[in-house]
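Architecture and fold: a report
If you want the building blocks of each chain, they are given just below.
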Amino acid sequence: MTTPTAEAPTGPRHVTGEILTTKKVGAYQHLTLAVPDVAERARPGTFVALPAGEGRMGRRAFWIRGVRTVGGFGSAVEVVVDPTGPGSRWLAAQPAGTRLEVTGPLGRPFSLPRDPVSCVLVGEGYSAACLFPLASRLKERGCTVVILLAAADESRLLAALEARRTARSVTVVTGDGSVGRSGAGAPLADLVAAALPEVLQRAAADVVYAAAPAATLARVARAAEDVGAWSQTALEQPGPCLTGLCQGCAVPVVGEDRLVRMVRGCTEGPVLRGDRVRWDDLGGVPAPVDQGAL
């Protein structure tokens, strides 16, 4: 198989954007933002930093769900907001016409294969947003695309119908069994891990792309390694600045030299090789690497 290579890097921009449309779909709020010179630079796996409300200095990161042209405004990006905290609830409540300070696109995007290969995309909840532009780019390159979507319930399942139009096959898993495979209340990471081996085998997967909470990403990375597939994981890490300056989103990663280094999730990531992340050490100090185990 040909190892995927990264797209040429593009720099972020800080602009004043405007909410063009806002729509509630299931549990999420979908916002379309007019952001001059940001949308054109977006790549699958990058994100934008948006304000979290008046009086809050910190900002929030949101995956770029898609890019489209809007007459009179040029290019715009779509983001998906899960209104669970005060900042995201504030953002979800803003009406069309609201002007926002936007920085982006930020982060390292997914790498794309040079040649057509079999790709499995795994997304959980709103994190799956960044996989839809990726699926389109992969299809343009002649890749076979298979998708596994997971969510706590049907209201948190993102764009399952669009996934079926995009992919050769789609597997759906929900924690409450409201749609797709039932989980009988088991953790979503366990449900994904149970469904994934069959999906990978059926697809004869060469590359696995995933966007989900860390517990699920760890299981995806291990499953990919078990079948000899190359994995890329889009990891969300809390970070006050989202530009790498604060060092608040450190991720332990094993380098090609077998040494563990702390990389910044918002700059060297959010997309990282799944087999290189020390998943058990996230949020702590990593133990030394057993050189003989690598």
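Going along each chain's sequence as written, the residues are numbered from 1 onward. Given that this is a predicted model, residues contribute local features only at a pLDDT of at least 70 and side-chain atom pairs are listed and counted only at 80 or more, while totals for whole chains, interfaces and linings are drawn from all residues. Remark: hydrogens and water are excluded; side-chain values derive from all non-hydrogen atoms of the structure.

A few points about the sheet that holds strand S9 (residues 169–174)
Sheet strands pair via backbone hydrogen bonds, and the direction of the pair is either parallel or antiparallel. The pairing criterion is simple: DSSP has to find at least two bridges between the two strands. Secondary structure elements follow DSSP: runs of H or I of four or more residues count as helices, runs of E of two or more count as strands, with numbering from the N terminus. Taken together, 7 strands build an open sheet; the order of strands is S10-S9-S8-S7-S11-S12-S15 and the sheet is mixed. Pairing within the sheet leaves two strands with one partner each, and these edge strands are strand S10 (181–182) and strand S15 (271–273). Contacts are assigned to residue pairs with any non-hydrogen atoms lying within 4.5 Å of each other. The axes used here are C-alpha line fits, helices contributing only the stretch in contact, and every angle between their N-to-C directions lies in the interval 0 to 180 degrees. Lying over the sheet, helix H5 (residues 214–226) contacts strand S7 (118–124), strand S11 (207–211) and strand S12 (230–234), oriented at roughly 175° with respect to S11.

A short note on the packing of helix H4 (residues 188–203) against H5
In the contact formed by H4 and H5, the axes pass within 9 Å of each other and the chain directions differ by 25°. Judged by the angle between their axes, H4 and H5 are roughly parallel. In the crossing of H4 with H5, the sense of the turn from one axis to the other is right-handed. For the pair formed by H4 and H5, the contact residues are Leu188, Ala189, Asp190, Val192, Ala193, Leu196 and Leu200 on the first element and Ala215, Thr216, Arg219, Val220, Ala223 and Ala224 on the second. All amino acids are sorted into three groups, where Ala, Val, Leu, Ile, Met, Phe, Trp, Tyr, Cys and Pro are nonpolar, Asp, Glu, Lys and Arg are charged, and the leftover types, Gly among them, are polar. Classifying every residue of the contact of H4 with H5 by side-chain character gives 10 nonpolar, 1 polar and 2 charged. Working rule for angles: under 35 degrees goes down as roughly parallel, over 145 as roughly antiparallel, 65 to 115 as roughly perpendicular, anything else as oblique. The sense of a crossing depends on the near helix, which, turned anticlockwise from the far helix by less than a right angle, makes the crossing left-handed and, turned clockwise, makes it right-handed.

Observations concerning H5
Residue count minus one, scaled by 1.5 Å, sets the expected span of a helix. Taking 1.5 Å of rise per residue, 13 residues should cover 18 Å, and H5 covers 18 Å from first to last C-alpha, within 8% of that figure. Listed as buried for H5 are Thr216, Leu217, Ala218, Val220, Ala221, Ala223 and Ala224. Of the surrounding secondary structure, the elements contacted by the buried residues of H5 are S7, H4, S11 and S12. Exposed residues in this analysis have more than 50% of their type's maximum accessible area, buried residues have under 20%, and partly exposed residues fall in between, with area computed by a 1.4 Å probe over protein chains only.

Some thoughts on the packing of aromatic side chains
Two aromatic rings, drawn from Phe, Tyr or Trp (for Trp, its six-membered ring), form a pair once their centres lie within 6.5 Å of each other, and the interplanar angle then sorts them: stacked below 30 degrees, edge-to-face above 60, tilted otherwise. If you walk through the whole model with that rule in mind, you get 2 aromatic pairs. Measuring from ring centre to ring centre gives 6.3 Å for Tyr28 and Tyr126, while their planes differ by 75°; the resulting arrangement is edge-to-face. You can see Tyr28 sitting in strand S2 (residues 28–34) and its partner Tyr126 sitting in the loop between S7 and helix H2 (131–140), a full 98 residues away along the chain. Classification of Tyr28 as buried rests on a relative accessible area of 2%. Given the relative accessible area of 27%, Tyr126 is considered partly exposed. Judged by centre distance (5.5 Å) and plane angle (85°), the ring pair of Phe110 and Tyr209 falls under edge-to-face. Linking Phe110 in the loop between strand S6 (99–106) and S7 with Tyr209 in strand S11, this pair joins segments that are 99 residues apart in sequence. A single burial state applies to Phe110 and to Tyr209, both of which are buried. The criterion for a charge sitting over a ring is simple: Lys NZ or Arg CZ within 6 Å of the ring centre, and within 35 degrees of the ring normal. Sitting above the plane of the Phe132 ring, Arg65 keeps its charged end 4.6 Å from the centroid.

Structural notes on the domain arrangement of the protein
Bear in mind that the domain bounds are from an automatic or database domain assignment. What the domain assignment lists for the protein is domain 1 (10–106), domain 2 (110–236) and domain 3 (238–294). Each of domain 2 and domain 3 has a C-alpha centre, and the two are 22 Å apart. Reported buried area values correspond to the accessible surface (1.4 Å probe) lost by two parts on association, with both partners' losses combined. Interface area for domain 2 against domain 3, summed over the two sides, is near 1000 Å², with a carbon-plus-sulfur share of 63%. Within this document, salt bridges are pairs made up of a side-chain nitrogen of Lys or Arg and a carboxyl oxygen of Asp or Glu, the two lying within 4 Å of each other. Notably, a salt bridge pairs Asp280 with Arg222, separated by 3.3 Å at the nearest N-O pair. Counted as a polar contact is a pair of N or O atoms within 3.5 Å, where, for protein atoms, one must be capable of donating a hydrogen and the other of accepting one, and residues adjacent in sequence contribute only when both atoms are in side chains. For the interface between domain 2 and domain 3, the tally reads 4 residue pairs in polar contact (both at pLDDT 80 or more). Examining the composition of the side of domain 2 that touches domain 3, we find that 6 residues originate from one element, H5, more than from any other.

Here we look at the pattern of salt bridges
If charged atoms from side chains of opposite charge come close, those side chains can pair. The tally for this structure, following the rule as stated, stands at 16 salt bridges. A salt bridge links Arg65 to Glu162; its shortest N-O distance comes to 2.4 Å. Taken together, the residues span a long stretch of sequence, with Arg65 in strand S4 (residues 59–70) and Glu162 in helix H3 (residues 160–166) at a distance of 97 residues. We note a salt bridge from Arg202 to Glu198, for which the minimum N-O separation is 3.2 Å. With Arg202 and Glu198 both in helix H4, this residue pair falls 4 residues apart, about one helical turn. Ionic contacts of the salt-bridge type, sharing partners, join the residues Glu256, Arg273, Asp275 and Arg276 into one network.

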